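Geometric and topological summary
In case you want the letters, here they are:
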Amino acid sequence: MKNWNEFGVDVAQIHDCDKNPRLDSLGVLKLNNEDSEPYWALVSVWVAGSDEVSYGEAGSIGEVISMTEIPIVFCPFCGADLGSVLAKKHGPI
Ligand SMILES: [Zn+2]
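Definitions and limits used
Residues numbered from 1 in each chain as written. Predicted model: local features only at pLDDT ≥ 70, side-chain atom pairs only at ≥ 80, totals over all residues. Pairing = 2+ DSSP bridges. Helix = DSSP H or I, 4+ residues; strand = E, 2+ residues; numbered from the N terminus. Axes fitted to C-alpha atoms, helices over the stretch in contact; angles between N-to-C directions. Core = buried A, V, L, I, M, F, W, Y, C linked by C-beta atoms within 7 Å. Buried ≥ 20, exposed ≤ 12 C-beta atoms within 10 Å, placed from the backbone. Contact = placed C-beta atoms within 7 Å.

1. With respect to the sheet that holds strand β3 (residues 39–47)
Here four strands make up an open sheet; going across it, the order is β1-β2-β3-β4 and the pairing antiparallel. If you trace the sheet from one side to the other, it starts and ends with β1 (11–14) and β4 (64–71), each paired once. Strand-to-strand twist across the sheet, computed as the mean angle between neighbouring axes with direction ignored, equals 40°. As judged from the six bridges shared by strand β2 (residues 26–31) and β3, these two strands associate in the antiparallel manner. The residue bridging glycine 27 from the neighbouring strand is valine 43, located in β3.

2. Things to note about the nonpolar core
Core analysis: the biggest nonpolar cluster contains five residues, these being Val28, Leu29, Trp40, Ala41 and Val43. Elements represented by at least two residues in this core include exactly β2 and β3. Broken down by element, this core gets its largest block of residues, three residues, from β3. Beyond its immediate stretch of four places on either side in the chain, tryptophan 40 contacts Val28, Lys30, Ile72, Val73 and Leu82.

3. Side note on the pairing of β3
Looking at chain direction, β3 and β4 are connected through seven bridges and run antiparallel. The residue of β4 that forms the bridge with serine 44 is threonine 68.

Rendered as structure tokens:
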């Protein structure tokens, strides 16, 4: 399993989805947040390979070129209701 924390994201929980076609660069992660409750997000990370280094886009292999996070409620790959995990913890509204 990928260690997302090494990219500087504070991961509370990972939805280890077997429908995820790109486990090396996409993660369905519950992120800790100082200002609010942890939330689920689709996190995409682009890590430099030898091509990026030779084109001068990165200084070394393994360097994070960009990272994007999109808050989500359902897993975009398998459709699991990620929000219900949180709802169950807090009980019915
Ligand atoms: Zn899933």
